[in-house]
Amino acid sequence: HASGGSERWDLSVTVEDLGPDAPPVTLSVTSDLHVGGVILRLVEKTQIKRDWSDHAIWWEQKQRWLLRTSWTLEKYGIHADARLLYMPQHKPLKLGLPNGITLRLHACFSSPVFQTLMGICRMLNIRHPEELSLLRPLEEKKKKKDKDSAEEIYDLTEVPRSSVSRPCLYNGMPAHFADSPKMEAIYKMLSVTQPPPAPEVVAKQYRPASVVDKAHINGRWLDSSRCLIQQGIRENDRLWLRFKYFAFYDIEPKYDVVRLTQLYEQARWSILLEDIDCTEEEMMLFGALQYHISKVSQSEDLSFVVKLKHVTICFRPKKLTLKGYKQYWFKFQDTSISYYKSKEESIGEPIQQINLRGCEVAPDVNMAAQKFLIRLLIPAPEGMNEVYLRCENEQQYAQWMAACRLASKGKSLADSSFQSEIKSIHSFLAMQRTNPSSHGNTPANDESINTHSLVSPRYHKKYKTKQLTPRILDAYQNVAQLSLTDALTRFLQIWQALPDFGLSYIVVRFKGSRKDEVLGIAPNRLIRIDLGVGDVVKTWRYNNMKQWNVNWDIRQMAIEFEGNVNIAFSCVTADCKIVHEFIGGYIFMSTRSREKSDTLNEELFHKLTGGHEAL
């Protein structure tokens, strides 16, 4: 009766939960026992009471998970010499985000990286995870005295897996972030832009000097068809989360706060680190937008509605003689100002009520002299009435100026743009304060910003901060009115309009050529860069592509375009799977608009990017 399947033999399995020094657990099994049965007996033997639902068996030699629990040992081909490990499928990972902060979270080590990434993006509330991917970080240069190396890590390992698979939103953020002030603070770090980095922080970072340098980062992308553990990633390792495909689909500021913020941060760093070239004029505009975004996002943090009732303001209508200003008690309601002789009388009828809808509002400010006037030109039957409001201080001025501006557009203080309006006025004053040309040497206070933080290091060498300030201020005038969302969107639009936008470089060797060249992969085309000339010598568009494939034996990529155009190359700085995946990924991105559905066609993504594993 000793048929192959029923002979008993010993199978040993290491159980991670028993600790690193515990010996493997040995079970007496037959080959027709299925994996589920092995797990049941294993759990009984450990005598540990816990939830084992996330655990699975990993087969060390074959580098595969035994996830089909109904398969028998025989079907898997497992014999007594198999090194098996029973452990959780979700393990902690350190994740560096585009904005420079590091999270610690549980990620799935057993599913293809593409699915692992979808789980991470759901946890962080980032839609369209197909545009991002994970990569191995650049090694930090170890400093001799590494005092500041104890970087802050924000911990999300407590987030239950169930709330990640289907997060429900609460005030626009996933419910697991609403659990505690600590979690809310982490969500704020994800969804609010970081302040501009100190110039020395920028200068310390690795900056690619050439297109070949830029190619090296693309050898670090993980393979999205294989799982983390198959790619040598272990518990608590560090990975980066980055946008990989520069084809951003359907950005909805209302739902995409984290996505938009992280995309902005990635774009900002690519400009600060000269990863992408831009003109000096563009750099000044990027600087001005960063400055504005930083100011406005700090203010929206404080979002409060100011009641502008209880304020004494001096008031000078044109008709009054040279006596100057008279003090009145002012109230702001909707789009009108009412004024009274005193606070006590403000319960009764006002002396006058001025409706500001359609009036002109102009600043008359001298920071050095601490003069804060608001000049109002109010439409009246006999022409314009000119009225000056004099405010006590900058704070009061900013709030009243913002209120008058909104009122002139017919908006009340409850309007959402009130805060950003106040903030842009503060920014304007701060710029005046730091701009030496305007008033001698007024002391800059904490509102002032080091303009070297806003531009890439080559401009630190070219200009002193006080030379940069007026140039950035000049560009700032054109964007100071933008809301936060509009400013972020504008920044991204200018970035996307740069000639080199969206290019990922790989050093390759074309078939029949004896020298290295660079392949640039863009959302809609491939380009060939001759390093001798340093210029693009050829462009191929995806929409003329008939087919592409990889000869995995010789690691060579072949692509056929319409009109009998064939190219073939081997990859020098990245595995050809990475290139294959880039091209397939971009073709996948371009199919999205046609099927307007919100469900991601994961199967198609794997078909296009998976290579021979997927087929």
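This one's a predicted model, so the numbers in the text were calculated from it and none came from an experiment. (Residues numbered from 1 in each chain as written. Predicted model: local features only at pLDDT ≥ 70, side-chain atom pairs only at ≥ 80, totals over all residues. Heavy atoms only, no water.)

Caption draft 1: Structural detail: the overall build of the protein. For the protein, the helix and strand inventory stands at 16 helices and 26 strands. Long-range pairs, those at least 24 residues apart, make up 60% of the contacts in the protein between residues at least 6 apart in sequence. Element-wise, carbon and sulfur atoms account for 49% of the exposed surface of the protein, whose accessible area totals about 30,400 Å². (Helix = DSSP H or I, 4+ residues; strand = E, 2+ residues; numbered from the N terminus. Contact = heavy atoms within 4.5 Å. Areas by Shrake-Rupley, 256 points an atom, 1.4 Å probe, with all protein chains shown as cover.)

Caption draft 2: The arrangement of the environment of glutamine 61 in detail. In this structure, glutamine 61 sits in the loop between β3 (55–59) and β4 (64–65). Residue classification places glutamine 61 among the partly exposed residues on the basis of a relative accessible area of 37%. Counting along the chain gives 20 residues from glutamine 61 to aspartate 81, while the straight-line C-alpha distance between them is 9.6 Å. A distance of 3.2 Å separates the side chain of glutamine 61 from the side chain of tryptophan 59, its partner in a polar contact. (Buried < 20%, exposed > 50% of the residue type's maximum accessible area, 1.4 Å probe, protein only. Polar contact = N/O pair within 3.5 Å; in protein donor to acceptor, adjacent residues only side chain to side chain.)

Caption draft 3: The arrangement of the packing of helix α5 (residues 181–191) against helix α8 (residues 257–272) in detail. At a minimum axis separation of 7 Å, α5 and α8 run at an interaxial angle of 50°. The orientation of α5 with respect to α8, classified from their angle, is oblique. Contacts between α5 and α8 involve Tyr187, Met189, Leu190 and Ser191 from the first element and Val257, Val258, Thr261 and Gln262 from the second. In terms of residue class, the contact of α5 with α8 is built from five nonpolar, three polar and no charged. (Axes fitted to C-alpha atoms, helices over the stretch in contact; angles between N-to-C directions. Parallel < 35°, antiparallel > 145°, perpendicular 65-115°, else oblique. Nonpolar A, V, L, I, M, F, W, Y, C, P; charged D, E, K, R; others polar.)

Caption draft 4: Representation of the sheet that holds strand β2 (residues 25–29) in the model. Taken together, five strands build an open sheet; the order of strands is β2-β1-β5-β3-β4 and the sheet is mixed. Of all the strands in the sheet, the pair left with one neighbour each is β2 and β4. (Pairing = 2+ DSSP bridges.)

Caption draft 5: Main features of helix α3 (residues 113–124). Under the 1.5 Å per step criterion, the end-to-end length of α3 is 16 Å for 12 residues, consistent within 8% with the ideal 16 Å. Within α3, 10 of the 12 residues are buried, which leaves it mostly tucked inside the rest of the structure. Among all positions in α3, only Val113, Phe114, Thr116, Leu117, Met118, Gly119, Ile120, Cys121, Met123 and Leu124 are buried. Asparagine 125 sits one or two positions beyond α3 and adopts a positive phi of about 65°. (Expected span 1.5 Å × (residues − 1).)

Caption draft 6: The arrangement of a positive patch on the surface in detail. A contiguous patch of positive charge, built from Lys62, Arg64, Arg68 and Lys75, is present on the exposed surface. On the secondary structure map, arginine 64 appears in strand β4. Arginine 64 sits in the partly exposed class, given a relative accessible area of 30%. (Patch = residues over 30% accessible without salt bridge, like charges linked within 9 Å, V, L, I, M, F, W, Y side chains within 5 Å. Salt bridge = Lys/Arg side-chain N within 4 Å of Asp/Glu carboxyl O. Lys, Arg positive; Asp, Glu negative; His and termini not counted. Charge placed at Lys NZ, Arg CZ, Asp CG, Glu CD.)

Caption draft 7: Focus on the environment of isoleucine 186. Following the sequence through the fold, isoleucine 186 ends up in helix α5. Residue classification places isoleucine 186 among the buried residues on the basis of a relative accessible area of 3%. Note: C-alpha distance between isoleucine 186 and leucine 156 (30 residues apart in sequence) is 8.7 Å. Contact partners of isoleucine 186, with chain neighbours within four places excluded, come to Leu103, Tyr154, Asp155, Leu156 and Phe177.

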